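Given next are the chains, with one letter for each unit.
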Amino acid sequence: MPRENSPREIRDVVFVDGVRTPFGKAKGQYAETRADDLVIKCIRELLRRNPELPPERVDEVAIAATTQIGDQGLTIGRTAALLAGLPNTTPGYAIDRMCAGAMTAVTTTASGIAFGAYDVVVAGGVEHMGRHPMGEGVDPNPRIIAEKLVDTSALVMGSTAENLHDRFPGITKERADAFAAASQEKAAKAYANDLIQPDLVPIATRSAEQGWGYAATDEPMRPGTTVEDLATLKTPFRPHGRVTAGNSAGINDGATACVLTSAEAAAELGLTPKMKLVSYGFAGVEPEVMGVGPIPATEKALKLAGLTIDDIQAFEVNEAFAVQVIAFLEHYGIADDDPRVNPYGGAIAYGHPLASSGVRLMNQLATQFEQRPEVRYGLTTMCVGLGMGGTVIWENPNWEGNAAA
């Protein structure tokens, strides 16, 4: 046990840099690319972009995957670290919290930094849904259904979104479609303004039929999508339902990774933080309406930070389904088209390769902070399969109030 006269101080944790592959459609541009190669490329790019960071200073590599099988199994945090060229003295591990995998990789390793176990970590996630569909190889315990621990709809994410529409009848299909069309429009505008490309790691691809290719942009985007287009789509989860392929994220492939350090290590190494971690929270909800998970998770994170929702002026909310984002906004009295929310578009446009998406949200929030120095606090939040939510609150190091102080 620690001696009474040597208390351990909690250290500040900063987000130094984050990258991601362009996201692909399942069986699309990455159909013949290995999942581990996607995340390896991200780790190598982080090291290339941050030459001040010696590889031997990386204390841990945590990589998430929801379907931990095949080329995204075998303790992928360790294998990816070795294959990326990090020293064999660098440990690594794998994480699964479904959609919040990369977010959990960040919060878990950040806790280690705050406690003093690490100075520098790499955290991220990967999902190759084209090769490993969600649920591949799983064997749910029959008690889950037999003892009615959850409704059968809880095991189908699209059905949980339909349940959320039932729970919030004011969130109509028309509202969801309007939100989805706006996401596509904002993503196209962000690309036009070169706000997304700096975070992307181009990937060389190979196809037996088409030969070599080059993935440099997000494949799922559908610029020019209109509400009228979305109104014609089928509702696969329920006859005459409200959830469609157009107002949901797709089935996607992609990887993300970021560098987190203590504030002291960043200063020592000459690294410039993009964000400072303030607090985080995870919460469970009814699995049948997993889309409400971000609400109690945000309440936890706000309480821990001593903040209110009014202190948050930049939001990156994962768009698993449009209804889920709108439910979160409606709870806090925020308009569907509030410019503080997902200003560069979200998963409906870019895609949602499950365990990788948390760091994409962080990358985009870091861009918001850079573009908006008047903003002090922002958050990244997402719903999580089987009835959970996760939220991380961040502080902007570029906040103009720092200069005034």
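The rules behind these values
Residues numbered from 1 in each chain as written. Predicted model: local features only at pLDDT ≥ 70, side-chain atom pairs only at ≥ 80, totals over all residues. Heavy atoms only, no water. Axes fitted to C-alpha atoms, helices over the stretch in contact; angles between N-to-C directions. Helix = DSSP H or I, 4+ residues; strand = E, 2+ residues; numbered from the N terminus. Parallel < 35°, antiparallel > 145°, perpendicular 65-115°, else oblique. Left-handed = near helix turned anticlockwise from the far one by under 90°. Contact = heavy atoms within 4.5 Å. Nonpolar A, V, L, I, M, F, W, Y, C, P; charged D, E, K, R; others polar. Core = buried A, V, L, I, M, F, W, Y, C linked by side-chain atoms within 4.5 Å. Buried < 20%, exposed > 50% of the residue type's maximum accessible area, 1.4 Å probe, protein only. Domains from an automatic or database assignment. Buried area = accessible area lost by both parts, 1.4 Å probe. Salt bridge = Lys/Arg side-chain N within 4 Å of Asp/Glu carboxyl O. Polar contact = N/O pair within 3.5 Å; in protein donor to acceptor, adjacent residues only side chain to side chain. UniProt positions renumbered as here; feature names shortened; annotations may be inferred. Pairing = 2+ DSSP bridges.

## Things to note about the packing of helix H1 (residues 35-49) against helix H2 (residues 76-83)
So, step 1. Put simply, H1 and H2 touch, their axes get as near as 9 Å, and they point 60° apart. One element, H1, and the other, H2, form an angle in the oblique class. Judged by the twist between their axes, the crossing of H1 over H2 is right-handed. Contacts between H1 and H2 pair Asp-36, Val-39, Ile-40, Ile-43 and Arg-44 from the former with Ile-76, Ala-80, Ala-81 and Leu-83 from the latter.
So, step 2. Considered class by class, the residues forming the contact of H1 with H2 number 7 nonpolar, no polar and 2 charged.

## Looking at the packing of helix H9 (residues 294-305) against helix H10 (residues 322-331)
A pair of packed helices is captured by two measures, namely the crossing angle of their axes and the spacing between those axes.
So, step 1. It is at 9 Å that the axes of H9 and H10 come closest, and there the two elements cross at 45°. As summarised for this structure, H9 and H10 are arranged oblique, according to the angle between their axes. Counted together, Pro-294, Ile-295, Thr-298 and Glu-299 of H9 and Gln-324, Ala-327, Phe-328 and His-331 of H10 form the full contact between these two elements.
So, step 2. Taken together, the residues that form the contact of H9 with H10 break down as 4 nonpolar, 3 polar and 1 charged.

## A look at the nonpolar core
So, step 1. Core analysis: the largest hydrophobic core is formed by 39 residues, its most contacted members being Ile-312, Phe-315 and Phe-321.
So, step 2. When sequence neighbours within four positions are dropped, the list of residues in contact with Phe-321 reads Met-157, Gly-158, Ala-161, Val-243, Asn-247, Ser-248 and Met-290.
So, step 3. Counting 38 residues, the second largest nonpolar core, distinct from the first, contains Met-129, Phe-369, Val-392 and Trp-394.

## Describing the domain arrangement of the protein chain
So, step 1. Here the protein chain is described as being made up of domain 1 (13-132 + 251-276) and domain 2 (142-198 + 277-393).
So, step 2. Distance from the C-alpha centre of domain 1 to the C-alpha centre of domain 2: 22 Å.
So, step 3. A combined buried area of about 2,800 Å² lies between domain 1 and domain 2, and 72% of that area is made up of carbon and sulfur atoms.
So, step 4. Inspection of the domain 1/domain 2 interface yields 0 salt bridges.
So, step 5. Counting across the interface, domain 1 meets domain 2 through 8 residue pairs in polar contact (both at pLDDT 80 or more).
So, step 6. Counting only elements with at least two residues in the side of domain 1 that touches domain 2, the list comes to strand S1 (13-20), helix H3 (101-115), strand S5 (120-128), strand S8 (252-262) and strand S9 (275-284).

## Structural notes on the UniProt feature "domain: Thiolase N-terminal" (unreviewed entry) in the protein chain
So, step 1. UniProt tags residues 13-263 as "domain: Thiolase N-terminal" (unreviewed entry).
So, step 2. For residues 13-263, helix accounts for 31% and strand for 20%, while the C-alpha atoms at its two ends are 6 Å apart.

## Here we look at the UniProt feature "domain: Thiolase C-terminal" (unreviewed entry) in the protein chain
So, step 1. Mapped onto the present numbering, the UniProt feature "domain: Thiolase C-terminal" (unreviewed entry) falls at residues 272-395.
So, step 2. Structurally, residues 272-395 comprises 33% helix and 26% strand, and the distance from its first C-alpha atom to its last is 14 Å.

## What about the pairing of S1?
So, step 1. Burial analysis of S1 places 8 of its 8 residues in the buried class, which makes it a mostly covered element.
So, step 2. One ladder, built from 7 bridges, connects S1 with S8; its direction is antiparallel. If you follow Phe-15 over to S8, its bridge partner there is Leu-260.
So, step 3. Summarising the sheet, S1 and S9 pair through 2 bridges and their orientation is antiparallel. In the sheet register, Val-14 faces S9, and the bridge partner there is Lys-276.

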